[in-house]
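Spelled out from the first residue to the last, the chains are:
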There are 2 protein chains.
Amino acid sequence: MPNQAQALVLLSGGQDSTTCLALALEEFPNGVHALAFDYGQRHRIELEQAQKIANIAGVPLQILDTRWLAGLSTNALTDPTLPITHLDGKLPSTFVDGRNLFFLSLAAVIAKQKNIHTLYTGVCETDFSGYPDCRADFIQSLNQTLNLGLAYTLKIATPLMWLTKGETVLLMQKLGHLDWYAHTHTCYEGIRPGCRQCPACLLRLKGFEDAQLKDPLEYRAVTP
Amino acid sequence: MPNQAQALVLLSGGQDSTTCLALALEEFPNGVHALAFDYGQRHRIELEQAQKIANIAGVPLQILDTRWLAGLSTNALTDPTLPITHLDGKLPSTFVDGRNLFFLSLAAVIAKQKNIHTLYTGVCETDFSGYPDCRADFIQSLNQTLNLGLAYTLKIATPLMWLTKGETVLLMQKLGHLDWYAHTHTCYEGIRPGCRQCPACLLRLKGFEDAQLKDPLEYRAVTP
């Protein structure tokens, strides 16, 4: 008989959610399930990497089709014709309105069905991405809303909320899974292993620099 | 140039949401849009009636495909193999986990795109349906969650929250649109105009009885 699931990790294939997966396994060694979302993201490599990471971690991964989300609003992550911009004082063009709202709500319904009471998400205020649905006040409010609406007690765990990227890297080393980062996908340009130039790659590189550790990802040489 | 939309009404084709439509038009005579959800409901007649009502009211109706919701959990409204039961102390089997959570969240994203700041929903605690996502505390919490997550100021109006069905009927008469009720769909059994025996039909009939008004719906004769 399979072990009873105790935690559901939202796994995007990126560094933060992979760290959450390692943390969840530390707390529930045999009770972790993972959930990824196919929302028509521009870079399909994210889902492939999520599957690889789930396999390495030995947890079942469910990929939920949420491509309807792409039709709801227009943004650069799902529309390849839009450039990726980060303008001061404006929401970044990578913002999908309500993305985490829907992801966490869907995860909550699935968790309830599996009798799971803990959701892990890698959202983080510290990286200043400007996404309102990554902020602690939103997550806290959503947690209450989900518990009321589903008549079920869930805890949304956000262990990385106040960590810098450097601290997250050090945490992963402490958990003994820094090697999993070789399979995470970070680059906004969809280049594998990474372009080293987009805001996401630069944030990742700075994290390893701050942690004084070597990124296990083998970057290509870049010709600017 | 079309009038700027000011309110978005969640229109199910039922009595309560149709009353909300009339109320919204009272407040915003030329600025109301309506939104219905195709979530794989057992009774397609609901969507047809919603379209008829929107036509009569002269408001544009968008029907959003949310059939993915039917796959999320198992329940009697979307699964014709399950009987409709209302057991004391348990959630009714017609409960779709998170239905209003998703409907209102989707409506909020669409409202933001249309620069609409008011959502109308006919949810009501008074009819004791036992749905946790129809309760005032849930709606209030969701309202805050949406405003935080979308970085946008929305108001979820629930004008029927504390009205009895009889009071709703009287309100609709006062608004001068009692005749619209001839087109609303109520019956859980999907019978048009209504079986007069299911809990929804009985609640409707009691509402008209309490209001001492005649239901404009022409019921069939029933052989028990």
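It should be emphasised that the depicted structure is a prediction, and the values quoted were computed from it without experimental measurement. (Residues numbered from 1 in each chain as written. Chains lettered and ligands numbered in written order. Predicted model: local features only at pLDDT ≥ 70, side-chain atom pairs only at ≥ 80, totals over all residues. Heavy atoms only, no water.)

With that settled, consider the overall build of chain A. The helix and strand inventory of chain A stands at seven helices and five strands. In chain A, the succession of α and β elements from N to C terminus is β-α-β-α-β-α-α-β-α-β-α-α. Across the 224 residues in chain A, those meeting the buried criterion constitute 56%. Once local pairs closer than 6 in sequence are excluded, the contacts in chain A between residues at least 24 apart make up 72%. (Helix = DSSP H or I, 4+ residues; strand = E, 2+ residues; numbered from the N terminus. Buried < 20%, exposed > 50% of the residue type's maximum accessible area, 1.4 Å probe, protein only. Contact = heavy atoms within 4.5 Å.)

At the interface, 29 residues of chain B touch 29 residues of chain A. Three residues stand out in chain B for area buried against chain A, namely Leu72, Thr145 and Leu148 of chain B, and they jointly supply 20% of the buried area on that side. Scanning the region where chain B abuts chain A turns up zero salt bridges. At the junction of chain B with chain A, the criterion picks out seven residue pairs in polar contact (both at pLDDT 80 or more). Taken together, the elements giving at least two residues each to the side of chain B that touches chain A come down to helix H3 (68-72), helix H4 (99-113) and helix H5 (136-150) of chain B. Sort the elements by how many residues they give to the side of chain B that touches chain A and H5 of chain B lands first, with ten residues. Split by residue class, the side of chain B that touches chain A holds 17 nonpolar, eight polar and four charged. (Buried area = accessible area lost by both parts, 1.4 Å probe. Salt bridge = Lys/Arg side-chain N within 4 Å of Asp/Glu carboxyl O. Polar contact = N/O pair within 3.5 Å; in protein donor to acceptor, adjacent residues only side chain to side chain. Nonpolar A, V, L, I, M, F, W, Y, C, P; charged D, E, K, R; others polar.)

So, on to helix H7 (residues 199-211) of chain B. Residue and element names in this part refer to chain B. For H7, built from 13 residues, the straight-helix expectation of 18 Å at 1.5 Å per residue is met to within 8% by its first-to-last C-alpha distance of 18 Å. Considered for burial, the residues of H7 that qualify are Ala200, Cys201, Arg204, Leu205, Gly207, Phe208 and Ala211. Axial view of H7: buried residues confined to an arc of 150 degrees, hence all on one face. (Expected span 1.5 Å × (residues − 1). Arc of directions from axis to C-beta.)

Quick look at the sheet that holds strand S3 (residues 61-65) of chain B now. Residues and elements named next belong to chain B. Here we have five strands laid out as an open sheet, ordered S3-S2-S1-S4-S5, and parallel in their pairing. The sheet is open, and its two borders are formed by S3 and strand S5 (155-157), each paired with just one other strand. Strand after strand, the sheet turns through a mean of 25 degrees between neighbouring axes, direction not considered. Here strand S1 (residues 7-10) pairs with strand S2 (residues 32-38) via four bridges, running parallel. Opposite Leu8, over in S2, you have His33 as the bridge partner. The strands touched by helix H1 (residues 15-27) within the sheet are S1, S2 and strand S4 (118-120), with S1 carrying the most contacts at an inclination of about 170 degrees. Each of S2 and S3 is contacted by helix H2 (residues 45-57), which is oriented at about 160 degrees to S3, the strand it contacts most. (Pairing = 2+ DSSP bridges. Axes fitted to C-alpha atoms, helices over the stretch in contact; angles between N-to-C directions.)

Its rotation angle being 180 degrees, the transformation that places chain B on chain A also includes 0.0 Å of axial translation and leaves an RMSD of 0.0 Å. Taken together, the rotation and translation relating the two chain copies correspond to the operation of a two-fold axis. Taken as a fraction of all interface residues of chain B, those also at the interface in chain A reach 100%, which identifies the copy contact as same-surface. (Least-squares fit on C-alpha atoms with pLDDT ≥ 70 in both.)

Residues and elements named next belong to chain B. At a minimum axis separation of 11 Å, H4 and H5 run at an interaxial angle of 40 degrees. When the axis of H4 is compared with that of H5, the two are oblique. Of the two elements, H4 crosses H5, and the hand of that crossing is right-handed. Contacts from Asn100, Leu101, Leu104, Ser105, Ala108, Val109 and Lys112 in H4 reach Phe138, Ile139, Leu142, Leu146 and Leu150 in H5. (Parallel < 35°, antiparallel > 145°, perpendicular 65-115°, else oblique. Left-handed = near helix turned anticlockwise from the far one by under 90°.)

What follows is about the sheet that holds strand S1 (residues 7-10) of chain A. Residue and element names in this part refer to chain A. The strand order S3-S2-S1-S4-S5 describes an open sheet built from five strands, whose pairing is parallel. Single-partner strands in this sheet number two, and they are strand S3 (61-65) and strand S5 (155-157). Adjacent strand axes in the sheet meet at a mean angle of 25 degrees when their direction is disregarded. Across the sheet, helix H1 (residues 15-27) lies against S1, strand S2 (32-38) and strand S4 (118-120), angled at about 170 degrees from S1, the strand it touches most. Sitting on the sheet, helix H4 (residues 99-113) touches S1, S2, S3, S4 and S5, and the angle it makes with S1 is about 155 degrees.

Let us now look at the side chain of Thr121 of chain A. Inspection of the secondary structure assignment puts Thr121 of chain A in the loop between S4 and helix H5 (136-150). Not counting chain neighbours up to four residues away, the residues in contact with Thr121 of chain A comprise Cys20, Leu104, Ile156, Ala157, Thr158 and Pro159 of chain A.

The two faces of a sheet get side chains in turn, since along a regular strand they alternate between them. Pairing of S2 of chain A with S3 of chain A involves five bridges; the strand directions are parallel. Looking across to S3 of chain A, one finds that Leu35 of chain A is bridged to Gln62 of chain A.

Right, let's get into the environment of Ala111 of chain A. All names here are of chain A. Along the polypeptide, Ala111 turns up in helix H4. For the pair formed by Ala111 and Arg196, sequence separation is 85 residues and the distance between their alpha carbons is 36 Å. Here Ala111 is in contact with Leu8, Ile116, Leu119, Tyr152 and Leu154, once residues within four sequence places are set aside.

It is worth spelling out the confidence of the model for chain A at this point. Residue and element names in this part refer to chain A. Residue-level pLDDT values for chain A average 87, and 84% of them are 70 or greater. Across residues 86-91, where pLDDT falls below 50, the model places seven contacts with residues more than four positions away in sequence or in other chains. Interface confidence for the predicted complex, expressed as ipTM, amounts to 0.87; the pTM equals 0.88. (pLDDT = per-residue confidence, 0-100.)

Using the criterion set out here, one finds nine aromatic pairs over all chains in the structure. With a centroid separation of 4.0 Å and an interplanar angle of 5 degrees, the aromatic rings of Trp68 of chain A and Trp68 of chain B are classed as stacked. One end of the pair, Trp68 of chain A, is in helix H3 (residues 68-72); the other, Trp68 of chain B, is in helix H3, on a second chain. In this structure, Trp68 of chain A and Trp68 of chain B share a single accessibility class: buried. Judged by centre distance (5.9 Å) and plane angle (80 degrees), the rings of Tyr181 of chain A and Phe208 of chain A are edge-to-face. Residue Tyr181 of chain A is found in the loop between helix H6 (165-174) and helix H7 (199-211), and its partner Phe208 of chain A is found in helix H7; the two are separated by 27 residues along the sequence. There is no split in this pair, since Tyr181 of chain A and Phe208 of chain A are both buried. It is Arg99 of chain A that lies over the ring of Tyr131 of chain A; its NZ or CZ is 5.8 Å from the centre. (Phe/Tyr/Trp six-rings, centres within 6.5 Å; stacked < 30°, edge-to-face > 60°. Lys NZ or Arg CZ within 6 Å of the ring centre and 35° of its normal.)

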